[in-house]
Amino acid sequence: AVAAIPEGLPAVVTIALALGVQRMVKRHALIRKLPSVETLGCATVICSDKTGTLTKNEMTVQAVYACDTLFKVTGIGYEPKGEFLLDEKAIDNEGFPDLIKTLKCGVLCNGAQLVKNNISYKIFGDPTEGAILTCAAKAGLWKEKMEQEFSFVEEIPFDSERKKMTIVRRGEDNKLIAFVKGAPDILLNDCVGIEEKGQRRTLTSDDRGRILKINSDLANQALRVLAVGYRILDKAPDKY
């Protein structure tokens, strides 16, 4: 038809695109602009963004590993609504002191702020740190309250050489505590102890191997993995 009447090309293309849209609608795909169908037909790879990292610049904590246990975290975005799951069942966070301690370290080594804006929550600062604050808030741990208990002393910002960030705070009995978060393999080299069920013991080579395997497994699921830790300082150093 187009060969016979060249002027009929726009009409033929429109009809072809419309028929394509009809077929897509039957598969529950809605297209507002007809030319989009043509563009979509050329696509070979489609990237989906279920957590909003690409489209909204939001990050969401999906899992927390503590005491040789992997806890799944529900909820998306910076709304502090969600649960911690163990074997797909919701848990009482207070019954898992290592999970709470891990979240506390993440909150106290954090430069972001989670702020409620009318009916929604917004993050001021780094999206990664904001995700940690949101995750902790799901367990009832709010940075504003914790900072009243642990006052700020000093900060060593994250850099590409150290691959970790440290914030020193003054806690109970006027003790200085250094909270740190960073790359798991780097942080693991600095660690000498591990806490299980609230009790501290020496970190063994088996522990290191197990933690590195979990790190690898989570990374293979396209998750960004961070480690957290702390150290009680005997005295304030001359230079942090």
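Residues numbered from 1 in each chain as written. Predicted model: local features only at pLDDT ≥ 70, side-chain atom pairs only at ≥ 80, totals over all residues. Heavy atoms only, no water.

**Q** Is there a simple way to think about the packing of helix α3 (residues 97-108) against helix α4 (residues 127-138) in this case?
**A** Helix packing for two helices is described by the angle between their axes and how far apart those axes are. Contact geometry for α3 and α4: axes closest at 9 Å, N-to-C directions at 140°. Relative to α4, α3 is oriented oblique. For the crossing formed where α3 meets α4, the hand is left-handed. Taking contact as the criterion, the partners of Leu103, Gly106 and Val107 in α3 are, on α4, Ile132, Leu133, Cys135 and Ala136. (Axes fitted to C-alpha atoms, helices over the stretch in contact; angles between N-to-C directions. Helix = DSSP H or I, 4+ residues; strand = E, 2+ residues; numbered from the N terminus. Parallel < 35°, antiparallel > 145°, perpendicular 65-115°, else oblique. Left-handed = near helix turned anticlockwise from the far one by under 90°. Contact = heavy atoms within 4.5 Å.)

**Q** How should I be thinking about α4 in this particular structure?
**A** With 12 residues, α4 extends 17 Å from end C-alpha to end C-alpha; this agrees with the ideal 16 Å at 1.5 Å per step. Burial analysis of α4 places 12 of its 12 residues in the buried class, which makes it a mostly covered element. Within α4 the residues assigned to the buried category are Pro127, Thr128, Glu129, Gly130, Ala131, Ile132, Leu133, Thr134, Cys135, Ala136, Ala137 and Lys138. The N-capping residue of α4, defined by a side-chain oxygen 3.0 Å from the backbone nitrogen of Thr128, is Asp126. Gly140 sits one or two residues past α4 and shows a positive phi near 85°. (Expected span 1.5 Å × (residues − 1). Buried < 20%, exposed > 50% of the residue type's maximum accessible area, 1.4 Å probe, protein only. Polar contact = N/O pair within 3.5 Å; in protein donor to acceptor, adjacent residues only side chain to side chain.)

**Q** Honestly, empty space enclosed by the protein in this entry has me stumped. Any pointers?
**A** If a probe the size of a water molecule is rolled over the atoms, the empty space left behind becomes visible. Taken as a whole and assessed by the stated rule, the structure comprises one cavity of 30 Å³ or more. One number sums up the size of the largest cavity: a volume of about 60 Å³. Together, Val107, Ala112, Gln113, Leu114, Leu133, Ala137, Leu141, Trp142, Lys143 and Glu144 line the largest cavity. For the lining of the largest cavity, the secondary-structure elements that each account for two or more residues are β5 (113-117), α4 and α5 (143-149). Counted by class, the lining of the largest cavity contains seven nonpolar, one polar and two charged residues. (1 Å grid on protein atoms, 1.4 Å probe; cavity = no way out; pocket = protein on both sides within 12 Å on 5 of 7 lines; lining within 4 Å. Points joined across faces, edges and corners; volume = space filled by probe spheres on them. Nonpolar A, V, L, I, M, F, W, Y, C, P; charged D, E, K, R; others polar.)

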